[in-house]
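Here are the chains, one letter per residue:
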Amino acid sequence: MDHSGMLIEGFDELSTMATIYNHPYYPKHLERYGYTKDTDWVEYEITVEPQPNEKIARIADLAMRRYKLQFFQAREKKELLPYARELFQIYNAEYRNLYSAVPLTDAQVEAAIQQYFGLISPRFVPVVLDEHGKMVAFGIIMPSLSRALQKSQGRLFPFGFLHLLRAMRKNDRADLYLVAVKEEYQGKGVNAILMDSVYRMFLEMGIKKIETNPELEWNKDVQGQWKYYQTRQHKRRRAFIKHIANQG
């Protein structure tokens, strides 16, 4: 459950709650001791345009009709909870082959449901269902809490939680956390359904900038989604490795 990737570019950029910050001398220190790149993650900042992207909207509509899908937006937390375990099943299945990903155990899933699903607003968890009501895709997004955490200096009490509550209600930045689509629905426009609905919600909220959070640099399927938007690749993170010769 630890964060992956040491920051190597973008030290003067605003960090997200989902990532770690380190000083520029950290990667230099590792390189001096013979560590080299194993893999990189890149992060993008997306500018929210005044209108939804028409092409994304058309793709979303076509996918909904062709595959008999429905967009589900829970109004209350109790409406979202029945889908919680199904959400984590999709997460484990679709993230299993990504670098550093480790499937969550049943105990971890239950702990995550108890910890997060009681706090997160259901409007920030868009879901796509098939014609039988089974989940085929989901997203998890949040208003940015970075400035609020700076103001509270990382402390909830005595008054830090007020900054967080204010950031949840009124914000001009948002963070993308997780998106997953069942394998059999990938490449069929299902991502566009999530993207179109989330983008429209951002417009309603007055969001101006979106942080993608880290994505593997070779994951072109994910990065290909951003070609429809104005983006800036502004941060990069790295996993280092050092091969040790067998002395035996």
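Residues numbered from 1 in each chain as written. Predicted model: local features only at pLDDT ≥ 70, side-chain atom pairs only at ≥ 80, totals over all residues. Heavy atoms only, no water.

J.: Break down the overall build of the chain for me, with residues and values.
T.: What the chain contains, in helices and strands, is nine helices and nine strands. Computed over C-alpha atoms, the radius of gyration of the chain comes to 19 Å, within 12% of the 18 Å expected from 2.2 N^0.38 for 248 residues, which places it in the range of a compact globule. Considering only C-alpha atoms, the chain reaches an extent of 60 × 50 × 40 Å along its principal axes. The proportion of buried residues among the 248 residues of the chain is 44%. (Helix = DSSP H or I, 4+ residues; strand = E, 2+ residues; numbered from the N terminus. Rg over C-alpha atoms; globule rule 2.2 N^0.38 Å. Buried < 20%, exposed > 50% of the residue type's maximum accessible area, 1.4 Å probe, protein only.)

J.: So what's going on with the environment of Ile 207? Residues and values would help.
T.: Position of Ile 207 among the secondary structure elements: in the loop between helix H8 (190–205) and strand E7 (209–211). Judged by its relative accessible area of 3%, Ile 207 falls in the buried class. Taking C-alpha positions, Ile 207 is 7.0 Å from Val 48, a pair spaced 159 residues apart along the chain. Ile 207 has contacts with Val 48, Asn 171, Asp 172, Arg 173, Ala 174 and Phe 202, leaving out every residue within four places of it along the chain. (Contact = heavy atoms within 4.5 Å.)

J.: If you had to explain the nonpolar core to someone new, which residues and values would you point to?
T.: Within soluble globular proteins, side chains that are nonpolar generally end up buried alongside one another. Residues Phe 138 and Phe 202 are the most contacted members of the largest nonpolar core, which totals 58 residues. Residue contributions to this core peak at nine residues, all from H8. Contacts of Phe 138, omitting those with residues within four sequence positions, involve Leu 87, Ile 90, Tyr 91, Pro 126, Val 127, Leu 178, Val 179, Ala 180 and Leu 194. (Core = buried A, V, L, I, M, F, W, Y, C linked by side-chain atoms within 4.5 Å.)

J.: Give a detailed account of the packing of helix H4 (residues 84–95) against helix H5 (residues 106–116), specifying residues and quantitative values.
T.: Packing of H4 against H5 brings their axes to within 10 Å, and their N-to-C directions diverge by 125 degrees. Of the possible angle classes, the one that applies to H4 and H5 is oblique. For the element pair H4 and H5, the recorded crossing hand is right-handed. Contacts between H4 and H5 pair Ala 84, Arg 85 and Phe 88 from the former with Val 109, Glu 110, Ala 112 and Ile 113 from the latter. Partitioning the contact of H4 with H5 into residue classes produces five nonpolar, no polar and two charged. (Axes fitted to C-alpha atoms, helices over the stretch in contact; angles between N-to-C directions. Parallel < 35°, antiparallel > 145°, perpendicular 65-115°, else oblique. Left-handed = near helix turned anticlockwise from the far one by under 90°. Nonpolar A, V, L, I, M, F, W, Y, C, P; charged D, E, K, R; others polar.)

J.: Go over the packing of helix H2 (residues 54–66) against H8 with me, naming the residues and quoting the values.
T.: Each pair of packed helices can be described by the angle between their axes along with the distance between the axes. At a minimum axis separation of 8 Å, H2 and H8 run at an interaxial angle of 125 degrees. As far as their axial angle goes, H8 and H2 are oblique. At the point where H2 passes H8, the crossing takes the left-handed sense. Each of Ile 56, Ala 57, Ile 59, Ala 60, Ala 63 and Met 64 in H2 lies in contact with H8, whose residues at this interface are Val 190, Ala 192, Ile 193, Met 195, Asp 196 and Arg 200. Considering only residue class, the contact of H2 with H8 consists of ten nonpolar, no polar and two charged.

J.: Describe in detail the packing of aromatic side chains, supporting the description with residues and values.
T.: Each aromatic ring pair is specified by the distance between its two centres and by the angle formed by the two planes. Counted by the stated rule, this structure contains six aromatic pairs. The ring of Tyr 185 carries the charged tip of Lys 188 above its face, separated from the ring centre by 5.9 Å. (Phe/Tyr/Trp six-rings, centres within 6.5 Å; stacked < 30°, edge-to-face > 60°. Lys NZ or Arg CZ within 6 Å of the ring centre and 35° of its normal.)

J.: Summarise the pattern of salt bridges; cite the residues concerned and give the values.
T.: Enumeration according to the criterion identifies 18 salt bridges in this entry. The partner of Glu 217 in a salt bridge is Lys 37, and the shortest N-O contact between them spans 2.7 Å. Within this pair, whereas Glu 217 is found in the loop between strand E8 (215–216) and helix H9 (220–223), its partner Lys 37 is found in strand E2 (residues 36–47), the two being separated by 180 residues in sequence. According to the relative accessible area criterion, Glu 217 is partly exposed, its value standing at 21%. For Glu 76, the salt bridge identified is with Lys 78, shortest N-O distance 3.6 Å. Residue classification places Glu 76 among the partly exposed positions, given a relative accessible area of 41%. (Salt bridge = Lys/Arg side-chain N within 4 Å of Asp/Glu carboxyl O.)

J.: Describe a nonpolar patch on the surface, naming the residues involved and giving the relevant values.
T.: A cluster of nonpolar side chains, contributed by Leu 156, Phe 157, Phe 159, Phe 161, Leu 162 and Leu 165, occupies part of the molecular surface with about 600 Å² of accessible area. Note that Phe 159 resides in the loop between helix H6 (146–152) and helix H7 (160–169). (Patch = residues over 30% accessible without salt bridge, like charges linked within 9 Å, V, L, I, M, F, W, Y side chains within 5 Å. Areas by Shrake-Rupley, 256 points an atom, 1.4 Å probe, with all protein chains shown as cover.)

J.: Lay out the side chain of Glu 211 with the relevant residues and their values.
T.: Topologically, Glu 211 is positioned in strand E7. What makes Glu 211 buried here is its relative accessible area of 3%. Those residues in contact with Glu 211 that lie beyond four places of it in its chain are Leu 14, Thr 16, Glu 43, Tyr 44, Arg 173, Ala 174, Asp 175, Leu 176, His 234 and Lys 235.

J.: Can you tell me about H2, naming the residues and giving the values?
T.: Given a rise of 1.5 Å per residue, 13 residues ought to cover 18 Å, and the 18 Å separating the end C-alpha atoms of H2 matches this to within 8%. Within H2, burial applies to Ile 56, Ala 60 and Ala 63. Angular distribution of buried residues about the axis of H2 spans 65 degrees; they occupy a single face of the element. Opposite the buried face of H2, at more than 90 degrees from it, the exposed residues are Glu 54, Arg 58, Arg 65 and Arg 66. For H2, the elements touching its buried residues are H8. Capping the start of H2, Asn 53 holds a side-chain oxygen 3.0 Å from the backbone nitrogen of Lys 55, two or three residues further along. Trailing H2 by a residue or two, Lys 68 shows a phi angle of about 55 degrees, which is positive. (Expected span 1.5 Å × (residues − 1). Arc of directions from axis to C-beta. Polar contact = N/O pair within 3.5 Å; in protein donor to acceptor, adjacent residues only side chain to side chain.)

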